[in-house]
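# Inside the fold
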Amino acid sequence: MQLSLGAGAKTERILMDFHTARELYECDSRMRRMSGLLTQAQADKLDSTKLSAAEAILERCVRLGQTVLTPEDEEYPAPLRSLPDLPAALYVRGDMTCIREKLVLSVVGSRSASLYSLDVARQIARDLALAGAVVVSGGAIGVDSAAHTGALYAKGQTVGVLGCGLNTPYLMKNAALREEIARSGALLSEYPPDTPARPSNFPLRNRIISGLSSGVLVIEAGEKSGSLITARLALEQGRDVFGVPGDLTSVDYTGVNRLIRDGAKPVFSARDVLEEYMWVYDEMPLETLAEQPKKTAPAPKQTADVPLSEAARAVYQAFGDTPMYADDLVRKTDFEPNRVFTALTELEICGFIKMIEGKRYTIV
């Protein structure tokens with residue numbers, strides 16, 4: 001069904017009329033066309049698609065250790081079932097049951113975010129995870145990486161929703177982070193394992209990020225940011241939208257500031273998000289959130305045992321005997337700020353460095 005209809009099809013209505021993907025596939029071709037639910041291209045593709053193509057993908061997933069979920073499966077994420085364009089299939093590495101009976105919140109924003117925004121994303125995501133929420137983001141560099149890292153640093157659960165197949169060599173600088181995400185929660189995609197990262201995939205991917213969540217937090221988004229697509233989809237899906245206010249004089253914050261002007265709740269800490277979901281916190285009042293002890297970094301590992309990226313190794317070698325700010329490492333390595341933050345994320349997850357008071361980093 002997915003191979004024929006493609007991502008973003010009006011799956012809910014199709015399944016209402018045909019009940020299951022098998023019934024759609026096996027019914028008379030003329031009946032499918034007369035239903036008016038399929039475009040001409042979808043009907044033609046369904047007529048020409050062989051069942052063996054789907055079987056080959058399933059076999060490929062088994063070899064790669066990926067699980068395939070369809071709306072008929074009990075493990076299929078319940079929040080997605082209500083979407084008019086729910087994914088006909090989901091490819092998973094990890095365990096999607098981590099979102100069951102838990103508050104799920106998305107954190108999204110710019111790929112080229114400032115160090116300030118990256119720190120904000122990391123800290124808010126950490127506090128959300130400490131409070132028991134599952135943090136969802138898109139697995140990309142920038143705010144996405146910061147959000148995933150914050151949740152991981154708190155020993156929490158996080159879900160990365162990708163706009164390509166899970167086996168695609170996409171953003172290899174984030175490979176180590178994706179491995180950690182799969183171990184703590186799940187990596188998720190509606191695209192078969194080897195599907196490349198096409199630009200058209202990502203707006204469709206965003207409906208899954210918002211669809212999984214009770215609310216979406218936007219951090220640093222310009223006027224044409226993809227994060228605004230996620231926010232719009234969240235509103236259409238009946239989810240809450242939050243925004244971290246940004247510099248009024250910078251075009252990098254125009255989108256998120258307009259969201260707040262138009263009704264998104266301004267957020268200055270994780271508490272501002274969590275108080276909207278008080279019913280989740282019967283056993284841990286919000287007043288105690290600020291008193292939660294910070295999680296310590298994982299035990300350091302030998303460099304030989306950890307396949308660090310080239311950038312992470314360069315940043316690690318730039319450290320001296322005293323704690324350093326991220327800005328210091330930017331100047332010392334001559335890397336772009338986002339590349340330095342990604343490297344710091346990798347080093348922190350692997351246990352080589354930790355953040356200390358004053359937002360400085362030090363070798364463990």
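I will try to describe carefully the structure that is included in this document. (Residues numbered from 1 in each chain as written. Predicted model: local features only at pLDDT ≥ 70, side-chain atom pairs only at ≥ 80, totals over all residues. Heavy atoms only, no water.)

## Side note on helix α10 (residues 201–211)
Since one α-helical turn is 3.6 residues long, residues separated by three or four positions face the same way. Burial within α10 is extensive, with nine of its 11 residues counted as buried. Those residues of α10 that fall on the buried side of the exposure criterion are N201, F202, R205, N206, R207, I208, I209, S210 and G211. (Buried < 20%, exposed > 50% of the residue type's maximum accessible area, 1.4 Å probe, protein only. Helix = DSSP H or I, 4+ residues; strand = E, 2+ residues; numbered from the N terminus.)

## Some remarks on the sheet that holds strand β10 (residues 324–325)
Across the sheet, which stays open at both edges, the three strands sit in the order β10-β12-β11 with antiparallel pairing between neighbours. Each of the sheet's edge strands pairs with one partner strand only, and the pair in question is β10 and β11 (353–356). Sheet topology places β11 next to strand β12 (residues 360–363); four bridges connect them, and they run antiparallel. Residue K354 lies in a different strand from β12, and its bridge partner there is T362. Across the sheet, helix α16 (residues 337–349) lies against β11 and β12, angled at about 110° from β11, the strand it touches most. (Pairing = 2+ DSSP bridges. Contact = heavy atoms within 4.5 Å. Axes fitted to C-alpha atoms, helices over the stretch in contact; angles between N-to-C directions.)

## Some points on the sheet that holds strand β7 (residues 215–219)
Pairing is mixed in the open sheet, where nine strands are placed in the order β1-β2-β6-β5-β4-β3-β7-β8-β9. Either end of the sheet is taken by a strand with one partner, and the two such strands are β1 (67–69) and β9 (265–266). Looking at chain direction, β7 and strand β8 (residues 240–244) are connected through five bridges and run parallel. Along β8, the bridge assignment pairs V218 with G243. Helix-sheet contacts for helix α8 (residues 143–153) involve β3 (104–109), β4 (134–137), β5 (158–161) and β7, and the interaxial angle to β3 is about 145°. Lying over the sheet, helix α9 (residues 175–184) contacts β2 (90–94), β5 and β6 (186–189), oriented at roughly 105° with respect to β6.

## With respect to the environment of A221
Mapped onto the elements, A221 comes out in the loop between β7 and α11 (226–236). Taking relative accessible area as the criterion, A221 reaches 0% and is therefore assigned buried. Setting aside its immediate chain neighbours within four residues, A221 contacts S227, L228, D252, Y253, T254, G255 and V256.

## With respect to the pairing of β6
Burial along β6 is two-sided: A186 and L188 facing one way and L187 and S189 facing the other are all buried. Across four bridges, β2 lies against β6 in antiparallel orientation. By the bridge assignment, G94 is partnered in β6 with A186. Inspection of the sheet shows β5 paired to β6 by three bridges, in the parallel sense.

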